[in-house]
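Descriptive analysis of the structure
The chain contents come next:
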Amino acid sequence: MATWGYGNDNGPATWVKSFPVAAGTRQSPIDIVPTAAKCDTKLTENPLTVNYSPEPAMELCNPGLSVKANIKSKSVIKGGPLEGEYKLEQFHLHWGSADKQGSEHTLNGKMFPAELHLVHYNATKYSSFGEAVDKPDGLAVFGIFLKISDKPHQGLKSLTDVLSEVQYKDKSINIKQEYNPVCLLPDNINKYWTYLGSLTTPPLCESVTWIVFEEPIEVSEDQMKAFRALCCGECGSAPIVDNYRPPLPLGNRQLRASFQ
Ligand SMILES: CCCCCCc1ccc(S(N)(=O)=O)cc1
Ligand SMILES: [Zn+2]
């Protein structure tokens, strides 16, 4: 059984063979067209709130197709489009082989160099991520665009400075200094788009309330190079790049905006 990936023989166009939901009606990512979004005052009346805690020894790992940080502390979000409290499980990124591509969601057809995903599960209704992952109200994922600037992103620097230690598949380390993931959020989290979608990788479960922030975070070209130096396998294997799924049709879904 060939494992899924992003190559010609196992990439997004082939996933439907093993994961038929890939052809479903609430798949992600999508192209975000702000003029097509409906401004919903219910989102502003009930502001999105983030209560993240410092993670003492955050585990950073290379599962082979991205880089992922696993969260143990009680970091939760609520409000906005969400009912109940959602607990942060992990965060990871998707990026390109060049700055012209890499993000999964696009903005008026434009790709960003990378996109950060903070993955939460509905801790009010479900007892674990594994139980929540395939439920229609199981997950909430923050999508944050990355754009290039001449200054490195300080919050990401604690990670990009040590990526060489998880260069190969199945490597993992613990970040010594305590790390609060709140440092990864853009300054303004009151401006976002939200819609009902899915995981963007197999098993592609249609269980995600997506919250994509309008404000990107800024990273340096050197930090992008650090992501692109990660390897899919052991020493000598291909670099992890272009690990993004292209957008799927919005179909009958409503894209809502928290702002005018
Ligand atoms: C039964 C185990 C399922 C693990 C699913 C792991 C996963 C989490 C988030 C995303 S993403 N890119 O939509 O944020 C994709 C996959
Ligand atoms: Zn993702």
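Owing to the predicted nature of the structure, the values given are computational and were not obtained by experimental measurement.

**Looking at the overall build of the protein**
- Within the protein one finds five helices and 15 strands.
- Relative to a compact globule of 260 residues, whose C-alpha radius of gyration would be 18 Å, the protein shows 17 Å and is just as compact.
- Counting only C-alpha atoms and orienting by the principal axes, one finds that the protein spans roughly 50 × 40 × 40 Å.
- Taking all 260 residues of the protein together, the buried fraction comes to 52%.
- Within the protein, the 29 negative side-chain charges are centred at a point lying 2 Å from the centre of the 25 positive side-chain charges.

**So, the pattern of salt bridges**
- Inspection of the entire model under this criterion finds twelve salt bridges.
- Close ionic contact of Glu214 with Lys191 constitutes a salt bridge, the shortest N to O distance being 3.8 Å. With Glu214 in the loop between strand S13 (208-213) and strand S14 (217-219) and Lys191 in the loop between strand S11 (172-174) and strand S12 (192-197), this residue pair connects regions lying 23 residues apart in the sequence.
- Taking relative accessible area as the criterion, Glu214 reaches 31% and is therefore assigned partly exposed.
- According to the relative accessible area criterion, Lys191 is partly exposed, its value standing at 29%.
- Through salt bridges with shared partners, a single network forms among Asp40, Lys42 and Arg256.

**Some points on the state of the cysteines**
- On inspection of all chains with the given rule, the structure shows zero disulfides.
- Cysteine Cys61 remains unbridged, with the sulfur of Cys232 as its closest cysteine sulfur at 14 Å.
- Taking the relative accessible area as the measure of exposure, Cys61 reaches 11% and is therefore buried.
- With no disulfide of its own, Cys231 has Cys235 as its nearest cysteine by sulfur position, at a separation of 7.3 Å.
- Cys231 gets classed as buried once you look at its relative accessible area, which sits at 8%.

**Structural notes on the coordination of the zinc ion (ligand 2)**
- For the zinc ion (ligand 2), the full set of protein donor atoms is His92 (NE2), His94 (NE2) and His117 (ND1), and the range of their distances to it is 2.0 Å.
- Taken together, the four donor atoms coordinating the zinc ion (ligand 2) span angles of 99 to 116° at the metal, a pattern that classifies the geometry as tetrahedral.
- Each donor residue of the zinc ion (ligand 2) lies on the same chain, and together they follow the pattern H-x1-H-x22-H. Taken together, the positions of His92 in strand S7 (residues 86-95) and His117 in strand S9 (residues 114-122) put the pair 25 residues apart, joining distant regions of the chain.
- Residue classification places His117 among the buried positions, given a relative accessible area of 1%.

**A closer look at the pairing of S9**
- Among the nine residues in S9, nine count as buried, and that is most of the element.
- On S9, burial covers both faces: Ala114, Leu116, Leu118, His120 and Asn122 on one face and Glu115, His117, Val119 and Tyr121 on the other are all buried.
- Of the pairings in the sheet, the one linking S7 to S9 comprises nine bridges and is antiparallel in character. Counterpart to Gln90 in the pairing with S9 is Val119.

**So, the site of ligand 1**
- Around ligand 1, a shell composed of Gln90, His92, His94, His117, Val119, Val133, Val141, Leu199, Thr200, Thr201, Pro203 and Trp210 is seen.
- The side chain of His94 places a nitrogen or oxygen atom 3.3 Å from a nitrogen atom of ligand 1.
- Here a nitrogen atom of ligand 1 and a side-chain polar atom of Thr200 are 2.8 Å apart.
- Against a free-state accessible area of 440 Å², the protein chains account for coverage of 73% of ligand 1.
- Listed by contribution, the elements that provide at least two residues to the shell around ligand 1 are S7 and S9.
- The greatest single-element share of the shell around ligand 1, amounting to three residues, is contributed by S7.

**Side note on the UniProt feature "domain: Alpha-carbonic anhydrase" (unreviewed entry) in the protein**
- With numbering aligned to this structure, UniProt lists the feature "domain: Alpha-carbonic anhydrase" (unreviewed entry) at residues 2-259.
- As annotated, residues 2-259 has a helix share of 11% and a strand share of 26%, and its two end C-alpha atoms lie 44 Å apart.

About the cut-offs
Residue indices begin from 1 for each chain and proceed along its sequence in written order. A letter from A marks each chain and a number from 1 marks each ligand, given out in the order of writing. Under the rules for a predicted model, residues below a pLDDT of 70 receive no local features and side-chain atom pairs below 80 are neither given nor counted, while totals for whole chains, interfaces and linings still include all residues. Hydrogens are left out, water is left out, and the side-chain values use all remaining heavy atoms of the structure. By definition, any uninterrupted DSSP run of H or I lasting at least four residues is a helix, any uninterrupted run of E lasting at least two residues is a strand, and each is numbered from the N terminus. Here the globule rule is a power law, 2.2 Å times the number of residues to the power 0.38, and the radius of gyration is based on C-alpha atoms. Throughout, exposure labels follow a simple rule: accessible area from a 1.4 Å probe, protein chains only, divided by the maximum for the residue type, with under 20% read as buried, over 50% as exposed, and the rest as partly exposed. His residues and chain termini do not enter the charge count, which takes Lys and Arg as positive and Asp and Glu as negative. Taken as the charge location is NZ of Lys, CZ of Arg, CG of Asp or CD of Glu. The term salt bridge refers to a side-chain nitrogen of Lys or Arg lying within 4 Å of a carboxyl oxygen of Asp or Glu. When two cysteine sulfur atoms lie within 2.5 Å, the pair is treated as a disulfide. Each metal site lists N, O and S donors within 2.8 Å (3.2 Å for Na, K and Ca). With water left out of the atoms, a site can look as if it is missing ligands. Angular criteria define each label, namely tetrahedral for four donors with all angles between 85 and 135 degrees, square planar for four and octahedral for six donors with opposite donors over 155 degrees apart and remaining angles between 65 and 115, and irregular for whatever fails these tests. One bridge is not enough; two strands pair if DSSP finds at least two bridges between them. To be near a molecule or strand, a residue needs just one of its heavy atoms within 4 Å of it. In the analysis that follows, any N or O atom pair within 3.5 Å is treated as a polar contact, provided that within protein one partner can donate a hydrogen and the other can accept it, and provided that, for residues neighboring in sequence, both atoms belong to side chains. Here the accessible surface of atoms and residues is derived via Shrake-Rupley with a 1.4 Å probe, and residues count as covered only by protein chains that are part of the display. UniProt positions are given in the numbering used here, feature names are shortened, and annotations may be inferred rather than shown by experiment.

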